[in-house]
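What follows is each chain in one-letter form.
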Amino acid sequence: MRIRVVGGKCQGHNRCYTIAPELFDVDDLGNAFERLGGVVPADLYDKARLAIDNCPEYAIEVVEE
Ligand code: SF4
């Protein structure tokens, strides 16, 4: 699975980072970006799904299943 944070949609709530710090980080402005080039290791699929479902801005996209 590969994911990405859509910059224009992210409002910096940091829920994704709280749920899955392995997969997300935040920049100096508080906006999230994907770690690991967006590639989600198999053992973190559930966390990725949880982060996607909990993003209030629908800013996290699945690029590749
Ligand atoms: S939860 Fe969504 S809006 Fe909040 S920081 Fe993460 S990607 Fe951005």
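In this text, all values refer to a predicted model and were calculated from it rather than measured experimentally.

Visitor: It is not clear to me how the nonpolar core should be interpreted in this structure. Could you clarify?
Guide: Counting 14 residues, the largest nonpolar core has C16, A20, L23, F24, A48, A51 and I60 as its most contacted members. Of all the secondary structure elements, the ones that give two or more residues to this core are strand 1 (2-5) and helix 2 (45-54). With sequence-adjacent residues up to four places away left out, C16 is seen in contact with F24, A32, A51, C55 and I60.

Visitor: What's the story with the environment of Q11 in this structure? I'm lost.
Guide: Following the sequence through the fold, Q11 ends up in the loop between strand 1 and helix 1 (15-19). For Q11, a count of 13 C-beta atoms within 10 Å translates into the label partly exposed. Considered as a pair, Q11 and N31 are 20 residues apart in the sequence and their alpha carbons are 6.5 Å apart.

Visitor: Mind showing me how you'd approach the pairing of strand 1 here?
Guide: On strand 1, burial follows the alternation: I3 and V5 on one face are buried, whereas R2 and R4 on the facing-out side are not. Two strands pair when backbone bridges link them, and strand 1 and strand 4 (residues 60-64) are joined in this way by four bridges, in the antiparallel orientation. By the bridge assignment, R4 is partnered in strand 4 with E61.

Visitor: Help me understand the site of the ligand in this model?
Guide: Not every one of the 13 residues close to the ligand is listed here, only the nearest: C10, H13, C16, A32 and C55. In the shell around the ligand, the residues fall into seven nonpolar, four polar and two charged.

About the criteria used
Residues numbered from 1 in each chain as written. Predicted model: local features only at pLDDT ≥ 70, side-chain atom pairs only at ≥ 80, totals over all residues. Core = buried A, V, L, I, M, F, W, Y, C linked by C-beta atoms within 7 Å. Buried ≥ 20, exposed ≤ 12 C-beta atoms within 10 Å, placed from the backbone. Helix = DSSP H or I, 4+ residues; strand = E, 2+ residues; numbered from the N terminus. Contact = placed C-beta atoms within 7 Å. Pairing = 2+ DSSP bridges. Near = placed C-beta within 6 Å. Nonpolar A, V, L, I, M, F, W, Y, C, P; charged D, E, K, R; others polar.

Take it as geometry only, folks, not as evidence of what the structure does.
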